[in-house]
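Next come the chains, spelled out residue by residue.
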Amino acid sequence: MTSDTPPIHLQADARVAAVRAAFDGGRTRPLPWRTAQLRALDRMLVAEADAIHAALQADLGKCAIESRLTETAFLRAEIAHALKHLRRWSRPKRIAIPLSLQPAHGRLVPEPLGVVLVIAPWNYPVQLLLAPLIGAIAAGNAVVLKPSEVAPNVAATLARLIPRYLDNDAVVVVEGGVAETGALLRERFDHIFYTGNSAVARVVMTAAARHLTPVTLELGGKSPLWIDDSVDMKAAARRIAWAKFLNAGQTCVAPDYLLAAPGTAENLVPHLRNAIHELYGNNPRNSSAYGRIINSRHVERLLTLIDPARCVIGGEHDIGERYIAPTVLHPATAGDASMQDEIFGPILPVVTVKDAEAAIAFIRARPKPLALYAFTSDRALRQRLVDETSSGALAFDFAVAHLGAPDMPFGGVGASGMGAYHGEASFRIFSHFKPVMRKPLWPDTLRLIFPPYGKTVEHVIDLLLVRG
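Residues numbered from 1 in each chain as written. Predicted model: local features only at pLDDT ≥ 70, side-chain atom pairs only at ≥ 80, totals over all residues. Heavy atoms only, no water.

Participant: Quick question: what am I supposed to make of the overall build of the chain here?
Facilitator: For the chain, the helix and strand inventory stands at 15 helices and 20 strands. Its C-alpha atoms give the chain principal-axis dimensions of roughly 85 × 65 × 35 Å. Counting all 468 residues of the chain, 51% fall into the buried class. The contacts of the chain with a sequence gap of at least 6 include a subset with a gap of at least 24, amounting to 71%. Of the roughly 20,900 Å² that the chain leaves accessible, carbon and sulfur atoms contribute 56%. (Helix = DSSP H or I, 4+ residues; strand = E, 2+ residues; numbered from the N terminus. Buried < 20%, exposed > 50% of the residue type's maximum accessible area, 1.4 Å probe, protein only. Contact = heavy atoms within 4.5 Å. Areas by Shrake-Rupley, 256 points an atom, 1.4 Å probe, with all protein chains shown as cover.)

Participant: What should I look at first to understand a nonpolar patch on the surface in this one?
Facilitator: Nonpolar side chains collect at one region of the surface, where Leu448, Ile449, Phe450, Ile461, Leu465 and Val466 lie side by side and expose about 540 Å² of accessible area between them. Mapped onto the fold, Ile449 is located in the loop between strand S20 (431–438) and helix H15 (455–466). The class of Ile449 is partly exposed, set by a relative accessible area of 36%. (Patch = residues over 30% accessible without salt bridge, like charges linked within 9 Å, V, L, I, M, F, W, Y side chains within 5 Å. Salt bridge = Lys/Arg side-chain N within 4 Å of Asp/Glu carboxyl O.)

Participant: Which parts of the structure should I look at to understand the packing of helix H9 (residues 233–245) against helix H10 (residues 262–280)?
Facilitator: Any two packed helices are characterised by how steeply their axes cross, that is the angle between the axes, and by the distance between the axes. Relative orientation of the contacting elements H9 and H10 amounts to 60°, with a least axis distance of 8 Å. Between H9 and H10, the crossing angle belongs to the class labelled oblique. In this structure, the crossing between H9 and H10 has a hand that is right-handed. Contact residues: H9 offers Met233, Lys234, Ala237, Arg238, Ile240, Ala241, Trp242 and Phe245, while H10 offers Thr264, Asn267, Leu268, His271, Leu272, Ala275, Ile276, Glu278, Leu279 and Tyr280. Of the residues assigned to the contact of H9 with H10, the class counts are twelve nonpolar, three polar and three charged. (Axes fitted to C-alpha atoms, helices over the stretch in contact; angles between N-to-C directions. Parallel < 35°, antiparallel > 145°, perpendicular 65-115°, else oblique. Left-handed = near helix turned anticlockwise from the far one by under 90°. Nonpolar A, V, L, I, M, F, W, Y, C, P; charged D, E, K, R; others polar.)

Participant: Is there a simple way to think about the packing of helix H2 (residues 31–47) against helix H6 (residues 152–165) in this case?
Facilitator: Where H2 contacts H6, the axes come no closer than 9 Å and their chain directions differ by 135°. The angle between the axes of H2 and H6 places the two elements in the oblique class. The handedness of the crossing between H2 and H6 is right-handed. Of the residues in H6, those touching H2 at Ala40, Arg43, Met44 and Ala47 are Leu158, Leu161, Ile162 and Tyr165. Grouping the constituent residues of the contact of H2 with H6 by class yields seven nonpolar, no polar and one charged.

Participant: What should I look at first to understand the layout of surface pockets in this one?
Facilitator: Taken as a whole, the second largest pocket spans an internal volume of roughly 240 Å³. Lining the second largest pocket are 17 residues, with Thr70, Phe74, Gln127, Val400 and Leu403 positioned closest to its centre. Where the lining of the second largest pocket is concerned, the elements lending two or more residues are helix H4 (64–89) and helix H5 (127–138). A class-by-class count of the residues in the lining of the second largest pocket yields twelve nonpolar, five polar and no charged. (1 Å grid on protein atoms, 1.4 Å probe; cavity = no way out; pocket = protein on both sides within 12 Å on 5 of 7 lines; lining within 4 Å. Points joined across faces, edges and corners; volume = space filled by probe spheres on them.)

Participant: Sorry if this is basic, but what is going on with the packing of aromatic side chains here?
Facilitator: The geometry of an aromatic ring pair is captured by two quantities: the separation of the ring centres and the angle between the planes. This structure, assessed with the given rule, holds nine aromatic pairs. With 5.9 Å between their ring centres and 45° between their planes, Trp89 and Phe427 make a pair best called tilted. Of this pair, Trp89 sits in helix H4 while Phe427 sits in helix H14 (residues 424–429), placing them 338 residues apart in sequence. On the numbers, 6.0 Å between centres and 80° between planes, the contact of Tyr290 with Tyr323 is edge-to-face. Here Tyr290, found in the loop between H10 and helix H11 (296–303), pairs with Tyr323, found in strand S12 (residues 323–324); they are 33 residues apart in sequence, far enough to count as distant. (Phe/Tyr/Trp six-rings, centres within 6.5 Å; stacked < 30°, edge-to-face > 60°.)

Participant: Explain the environment of Ala201 to me, please; I cannot follow it from the model alone.
Facilitator: Its location among the elements puts Ala201 in helix H8 (residues 198–210). As a C-alpha pair, Ala201 and Leu219 span 18 residues in sequence and 7.9 Å in three-dimensional space. Residues in contact with Ala201, not counting those within four places in the same chain, are Tyr194, Leu217 and Leu219.

Participant: I keep staring at unusual backbone geometry and nothing clicks. Help me out?
Facilitator: Leave glycine aside and you will find that most residues have negative phi; peptide bonds, for their part, are mostly trans. The step from His330 to Pro331 runs through a cis peptide bond, and the omega angle for that step is -5°. Here Pro331 shows up in strand S13 (residues 327–332). Here the amide bond leading from Pro451 into Pro452 is cis, since omega sits at 5°, within 30 degrees of zero. The residue Pro452 is located in the loop between S20 and H15 in this model. In this structure, Ala248 takes a positive phi of about 55° despite not being glycine. Mapped onto the secondary structure, Ala248 falls in the loop between H9 and strand S9 (257–260). Looking at Ala248, the relative accessible area reads 0%, which means it is buried.

Participant: Help me out: how do you make sense of empty space enclosed by the protein in this one?
Facilitator: A probe matching the size of a water molecule, rolled over the atoms, marks out where space remains unfilled. Applying the stated criterion across every chain yields a total of two cavities of 30 Å³ or more. The element contributing the most residues to the lining of the largest cavity is H4, with four residues. A class-by-class count of the residues in the lining of the largest cavity yields four nonpolar, four polar and one charged. Lining the second largest cavity are Gly221, Ser223, Lys244, Gly249, Thr251, Ala254, Asp256, Glu342, Phe344 and Gly345. Class assignment for the residues of the lining of the second largest cavity results in two nonpolar, five polar and three charged.

Participant: Quick question: what am I supposed to make of the environment of Trp226 here?
Facilitator: Relative to the helices and strands, Trp226 resides in strand S8 (residues 224–227). Counting along the chain gives 125 residues from Trp226 to Val351, while the straight-line C-alpha distance between them is 9.7 Å. Once you skip the residues sitting within four places of it in the chain, Trp226 turns out to touch Leu259, Ala260, Ala261, Val353, Asp355, Ala356, Ala359, Tyr373, Ala374, Phe375, Thr376 and Leu381.

Participant: I'm lost on H6 in this one. Help?
Facilitator: Helical geometry: 3.6 residues make up each α-helical turn, so side chains three or four residues apart lie on a common side. Counted at 1.5 Å a residue, the expected span for H6 with its 14 residues is 20 Å, and the 21 Å between its end C-alpha atoms agrees. Looking only at H6, the buried set comprises Val154, Ala155, Thr157, Leu158, Ala159, Leu161 and Ile162. Elements in contact with the buried residues of H6: H2, helix H3 (49–60), H5, strand S4 (142–146) and strand S5 (171–173). (Expected span 1.5 Å × (residues − 1).)

Quick look at the structure:
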């Protein structure tokens, strides 16, 4: 920063003020503007795919196919879904009016909240910045985007590309680290959408409280996976290994740990070893499909979670290369280092419990996870998991891929977050559904409940309000 450069907080103030002026001027409200911006974003994802994928490769070691699957193609599907349904979503909705207020007409009119701040994490730095943007634009908002500085190549690439394709007055990118994020959080927004960890989420909520700004928090937690011997172990192991080691385990909805009865766990481990070999070959370090840890600090953090005495698969690592092999710890216990906090890396502890009853008790004794997975053919157990556990999502016989269904809202509960998005849920979370009601002056039925009060009013209250 030169001596002529304004302080960070003044830069943030100016950027937010400019975006708010665009919103206040009505720029973002018309449906043609919204659809044009969504189509422009889709064009960017197609035309600039090589640059985006190269940035993801540099930051996370992602191959182009995985980047397309989990980032650019994922976003294009969200855009296509929004464009297909936007006119219906934005249409006012008639609501019923009770007899006591007749004759009258009522409707809910969706209106944009205003200026939205989106703060993205580093693990899926394109998807998790632009997916909320899709919903915010669809709802007619102006948006300030804060990409993660921990994925610097992606942040720089998006900061360069987005102004080329989107309305520069209504959608802006602010690069930087903690200081820039802090400066933005001092500004007044109409909604803040944060994806990341719970420690920063508390900072975001504290800042939002100063302006009574609503927030959406997409956090994480230790997502458990139960498996029993009623399923095909070979097929289950392939799905578990893919979900766990996708993006080198740096996925908020990845299975964080596995629960199984002792015999099932012993049977599963060789199948996991074979599945890892099928997916990534003899040496995952040489597989183009296997990514890297975001930085050396996170490699060192993850290595403290690997107990050599429990390491039955993997464990190989190279800090300089930011590489940790797909790793399975067995038998893990609740007191292990790997079981204290969300792992967010390619390490899978296998915890043995007596049975499904004990597994449910184990899950219920811990904070509500972002996802819960169960591989079982037992229909009664499936229903028990639906009825007796709470999680952001619950999936049977697969993991992670539920995010690909745009009509299924994605979000956490309790410590794993608040609010949900994707598809119509994104439109709703960035909208206010304003009740609009009209009651003609004639006939003036409201006179029936005006003073002076007497028996007539009592009869009207009983007949129209209480009995309906």
